[in-house]
Amino acid sequence: MRKVLRLGLPNKLHRRLGFLWPPPALQKKPSPAQTMKMSAAEVLKEGELEKRSDNLLQFWKRKTCVLTPDSLSIYADSQKKTKTKELQLESIRKVDCVERTGKFVYFTIVTTDNKEIDFRCLGEDKCWNAVITMALIDFQNRKAIQDFKTRQDVDKAFPEQPERRSGRAP
């Protein structure tokens with residue numbers, strides 16, 4: 001449990017010393033409007049990306065895309081009125097087949113059900129494939145930490161169960 005103390009010191013110093021200020025009872029919870037603003041601020045990348053169509057001719061169609069820490073939203077128009085697809089990061093297995101040809105970078109998103117979606121973007125400093133890959137790694141790390149904490153909570157709730165051994169050899 002963290003200590004609560006206020007001696008007229010700046011908040012940063014309190015945090016460095018391990019004290020919590022303001023106390024949890026006095027901390028304000030964000031309103032729904034503030035939560036909406038936070039989610040808008042969590043946009044990692046927004047812009048145009050070309051997606052290869054699934055039909056027989058496989059034309060490249062320009063889409064407006066928005067990447068957040070949890071999903072990649074694909075819109076048919078630049079005003080983002082018509083969402084055609086939303087890929088949750090938990091449904092993405094990997095970003096694969098990255099190839100730079102001329103002015104474009106081509107890449108494939110492989111989903112957990114082995115569906116492949118082909119994209120291309122202009123070769124810029126922060127190309128979409130790199131940003132999506134980093135968001136996917138961050139999502140997987142957050143999920144692993146959450147799973148670990150859940151297992152710890154279960155172990156604390158049921159201490160009478162025999163200890164589980166880790167899969168590692170001593």
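Definitions and cut-offs
- Each chain has its residues counted from 1, running along the sequence as written.
- pLDDT decides what is reported in this predicted model: residues at 70 or higher carry local features, side-chain atom pairs at 80 or more are listed and counted, and totals for whole chains, interfaces and linings draw on all residues regardless.
- The side-chain numbers reported here are obtained from all heavy atoms of the structure, hydrogens and water having been left aside.
- Labels follow the DSSP assignment, with helices taken as runs of H or I lasting at least four residues and strands as runs of E lasting at least two, numbered in each case from the N terminus.
- Partly exposed residues are those whose accessible area sits between 20% and 50% of the maximum for their type, while under 20% is buried and over 50% is exposed, using a 1.4 Å probe and protein chains only.
- Two residues form a contact once any of their heavy atoms are found within 4.5 Å.
- Each accessible area is a Shrake-Rupley estimate made with a 1.4 Å probe; only the visible protein chains count as cover when residues are assessed.
- Only rings of Phe, Tyr and Trp enter the pairing, Trp through its six-membered ring, and a pair is recorded when the two centres are within 6.5 Å. The plane angle decides the type: under 30 degrees is stacked, over 60 is edge-to-face, the rest tilted.
- Charge-over-ring contacts are defined here by two conditions on Lys NZ or Arg CZ: a distance within 6 Å of the ring centre and an angle within 35 degrees of the ring normal.
- Neither His nor the chain termini are counted; the positive set is Lys and Arg, and the negative set is Asp and Glu.
- Each salt bridge in this description consists of a side-chain nitrogen of Lys or Arg and a carboxyl oxygen of Asp or Glu lying within 4 Å of one another.
- Any cysteine sulfur atom paired with another within 2.5 Å is treated as part of a disulfide.
- Two strands qualify as a pair provided DSSP detects at least 2 bridges between them.

Undergrad: I would appreciate a short explanation of the overall build of the chain in the present structure.
TA: Secondary structure summary: the chain contains three helices and seven strands in total. Listed by position from the N terminus, the elements making up the chain come as α-α-β-β-β-β-β-β-β-α. The 170 residues of the chain split such that 26% are buried. Taking contacts inside the chain between residues at least 6 apart in sequence as the whole, the part at least 24 apart equals 30%. Taken as a whole, the chain presents about 12,900 Å² of accessible surface, with 53% of it coming from carbon and sulfur.

Undergrad: It is not clear to me how the packing of aromatic side chains should be interpreted in this structure. Could you clarify?
TA: Here the distance between the centres and the angle between the planes together describe a pair of aromatic rings. Per the stated rule, a full pass over the model turns up three aromatic pairs. Taken together, a centroid distance of 5.6 Å and an interplanar angle of 20 degrees make the contact between F107 and F119 stacked. Pair noted here: F107 is in strand β6 (residues 104-111) and F119 is in strand β7 (residues 116-122), with a separation of 12 residues, a long-range link. As far as burial versus exposure is concerned, F107 and F119 are alike and both buried. Taken together, the ring pairs connect W60, F104 and Y106 into an aromatic cluster. Across the ring face of W128, the terminal group of K45 is positioned such that the distance to the ring centre comes to 5.4 Å.

Undergrad: Looking at this model, I keep getting lost on the side chain of K51. Mind explaining?
TA: The topology assignment puts K51 in strand β1 (residues 45-52). Buried within the structure, K51 lacks any salt-bridge partner; D54 is the closest side chain of opposite charge, at an N-O distance of 4.1 Å. Residues within four places of K51 in sequence aside, it is in contact with F59, W60, K61, K63, I117, D118 and F119.

Undergrad: Just checking my understanding: could you explain the state of the cysteines for this structure?
TA: Among covalent bonds in proteins, the disulfide is the one between the sulfur atoms of two cysteines. The tally for this structure, following the rule as stated, stands at one disulfide. C65 carries a free sulfur, and the closest cysteine sulfur to it, the one in C121, is 9.9 Å from it.

Undergrad: In this structure, what is going on with the pairing of β1? I would like to understand it.
TA: Looking down a regular strand, the side chains alternate between one sheet face and the other. Summarising the sheet, β1 and strand β2 (residues 60-67) pair through eight bridges and their orientation is antiparallel. Note on β2: the bridge partner recorded for K51 is K61. Here β1 runs beside β7; their pairing, made up of two bridges, is antiparallel. Its bridge partner being in β7, K51 is matched across the sheet by F119.

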